[in-house]
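# Overview (structure and organization)
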Amino acid sequence: MKKRIDDLAIFGGTPAFVESLHVGYPNLGSREKLLYYINDILDRRWLTNQGVYVQRFEERVADFVGAKYCIATCNATIGLMIAMKALGLMGEAIIPAFTFIATAHALQWQEVTPIFCDIDPRTHNIDPEKVERLITPRTTGIIGVHVWGRACKVEALTQIARRYNLKLMFDAAHAFGCSYQGRMIGNFGDCEVFSFHATKFVNTSEGGAIVTNDGELARRARLMKNFGFADFDRVDVVGINGKMSELSAAIGLANLESLKDFVNINYRNYGYYQKYLRDIDGIELVLFEDCQVHNYQYIVIKVDENVTSLSRDQLQKILWKEKVLARRYFYPGCHRMEPYRTRFPDAGVELRETEKLAKSVLCLPTGPAVGEVQVNLICQIIRVSVENGVGVKRRMDMAAEGESYVKEAAR
Ligand SMILES: *Cc1c(COP(=O)(O)O)cnc(C)c1O
């Protein structure tokens, strides 16, 4: 129980947990099935190069999202790079600044300049109203990111892309198993890219996929992921090695079969967080629309420091001392990381909402290692800290001053 300030580990209390609770603890399906698949792969002695497991995985993913083509890749970053190249992106492409750095790097890696757009604070996604202003004669594409699995404003972005004759793709790394207006993500824009990294909703350990309904684009992407090989001894385009291995596909297949269990666990935890975070002034849980299908993979809170007195970073420190490894996401924003920080030193001026959000968001643990008992305890820590925000902040500030004094004196 965490009832008083002195119960907090940061002030000498016993940590709430013995084992650390992680954000992005991997979802795993049936071990029996996976081991069966792995044995089968070993019997076949076919470990990669578009084997039957990768083919089957691609079919299942395409079926599940209701899209025509799925091209599995070794990870989403390479998937994004291939998709961007297959779409012919050059010059500049517009992306949100509030995303994982891979969205920007995948462009920059092939000398396409990412132009950072601000987000809509209500959705945390790229703001279509701000996209248009960033379009220049060099712009060739727009890349939306479905942050936390909540879909971008797809229609507005589609209209802008049509009007200016731009390519439109989505980084759907967070959004496998989510829908937008009754249609599964994977069907929007020219293509969408999923991540199957270990921390994502469905994982293949490392992995990703390009999903599209455009046959020609699918053909190009498929060539590119295999060095450009169109046949034995025949190379048609510049390619890379973006292949998914059979072992990864086996993990993915086993996990797909447990997808419903993953959602149920996440949804259950989301409900517990709603229950136990209720009425804490200054703490807002990011909610998901009930009318959409969702994976509930991310439990996200926003800390309003004006109300809590405590900063998001202080709350994170408190949670870490309790062995709750809450994570800041997309902090400090892509535009504040290299090489973009040096290239666009003033980008922050136009990215007000991104900067505000990056300073206030905290992701909390969910998934199979977490249940009602854990959520209750995590929320007690947050409640005690925030409801005594002024006092907690004072003690933390004093301790920090003490620390720097000791460091200074030791010099
Ligand atoms: C995880 C993630 C990626 C990268 O995926 P990998 O499979 O790890 O390469 C890209 N974009 C976003 C938004 C992500 O969350």
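Our structure is the block above this text.
A brief report on the enclosed structure follows. (Residues numbered from 1 in each chain as written. Predicted model: local features only at pLDDT ≥ 70, side-chain atom pairs only at ≥ 80, totals over all residues. Heavy atoms only, no water.)

## What to know about the site of the ligand
Not every one of the 15 residues close to the ligand is listed here, only the nearest: Ala-76, Thr-77, Asp-171, Ser-195 and Lys-200. Lys-200 places a polar side-chain atom, nitrogen or oxygen, 3.2 Å from an oxygen atom of the ligand. Protein chains bury 92% of the 380 Å² of accessible surface belonging to the ligand in isolation. Split by residue class, the shell around the ligand holds five nonpolar, eight polar and two charged. (Near = heavy atom within 4 Å. Polar contact = N/O pair within 3.5 Å; in protein donor to acceptor, adjacent residues only side chain to side chain. Areas by Shrake-Rupley, 256 points an atom, 1.4 Å probe, with all protein chains shown as cover. Nonpolar A, V, L, I, M, F, W, Y, C, P; charged D, E, K, R; others polar.)

## Quick word on the nonpolar core
With 104 residues, the main nonpolar core has Trp-148, Phe-176, Ile-301, Leu-319 and Ile-382 as its most contacted residues. It is helix α14 (residues 372-387) that provides the largest number of residues to this core, a total of eight residues. Contacts of Ile-382, omitting those with residues within four sequence positions, involve Leu-277, Ile-280, Ile-283, Ile-301, Leu-315, Leu-319 and Leu-364. Among the nonpolar cores identified, the runner-up in size contains 33 residues, and Leu-80, Ala-86, Ala-97 and Val-193 belong to it. (Core = buried A, V, L, I, M, F, W, Y, C linked by side-chain atoms within 4.5 Å. Buried < 20%, exposed > 50% of the residue type's maximum accessible area, 1.4 Å probe, protein only. Helix = DSSP H or I, 4+ residues; strand = E, 2+ residues; numbered from the N terminus. Contact = heavy atoms within 4.5 Å.)

## Remarks on the sheet that holds strand β10 (residues 208-212)
The seven strands are arranged β2-β10-β9-β6-β5-β3-β4 in an open sheet whose pairing can be described as mixed. The open sheet is flanked by β2 (69-73) and β4 (113-117), the only strands paired with a single partner. The average undirected angle you get between the axes of adjacent strands in this sheet is 25°. Direction of pairing for strand β3 (residues 92-96) relative to strand β5 (residues 139-145): parallel, over a ladder of three bridges. Counterpart to Ala-93 in the pairing with β5 is Gly-141. (Pairing = 2+ DSSP bridges. Axes fitted to C-alpha atoms, helices over the stretch in contact; angles between N-to-C directions.)

## What about the pairing of strand β14 (residues 299-303)?
Among the five residues of β14, four are classified as buried, and the element is accordingly described as predominantly covered. Relative to β14, strand β13 (residues 283-285) is paired through three bridges, and the arrangement is antiparallel. Within the sheet, the bridge partner assigned to Glu-284 lies in β14 and is Lys-302.

## Some thoughts on unusual backbone geometry
Residue Pro-332 follows Tyr-331 across a cis peptide bond; omega there is 5°. Residue Pro-339 follows Glu-338 across a cis peptide bond; omega there is 5°. Structurally, Pro-339 is set in the loop between β15 (324-325) and α12 (340-343). A positive phi angle is found at Trp-148, which is not glycine, with a value near 65°. Phi at Asp-279 is positive, roughly 60°, even though this residue is not glycine. Note that Asp-279 resides in the loop between α9 (259-276) and β13. Residue class for Asp-279 comes out exposed when judged on its relative accessible area of 64%.

## Focus: the sheet that holds β14
Strand order across the open sheet formed by three strands is β13-β14-β16, with antiparallel pairing between neighbours. Edge positions in the sheet fall to β13 and β16 (361-364), since each of these pairs with one other strand and no more. Adjacent strand axes in the sheet meet at a mean angle of 30° when their direction is disregarded. Strand contacts of helix α11 (residues 312-321): β13, β14 and β16, with the helix running at about 20° to β16, the strand carrying the most contacts.

## Quick look at the pattern of salt bridges
Under the definition given, this model contains 26 salt bridges. Among the ionic pairs, Lys-130 bridges to Asp-118, the shortest N-O distance being 3.4 Å. Taken as a pair, Lys-130 in helix α5 (residues 128-131) and Asp-118 in the loop between β4 and α5 lie far apart in primary sequence, 12 residues in all. On the accessibility criterion, Lys-130 (22% relative accessible area) is partly exposed. Taking relative accessible area as the criterion, Asp-118 reaches 4% and is therefore assigned buried. Where Lys-130 meets Asp-127, a salt bridge forms, and the shortest distance between an N and an O atom there is 4.0 Å. For Asp-127, a relative accessible area of 11% corresponds to the buried category. Taken together, the shared-partner salt bridges connect Arg-4, Asp-6, Asp-7 and Arg-395 into one network. (Salt bridge = Lys/Arg side-chain N within 4 Å of Asp/Glu carboxyl O.)

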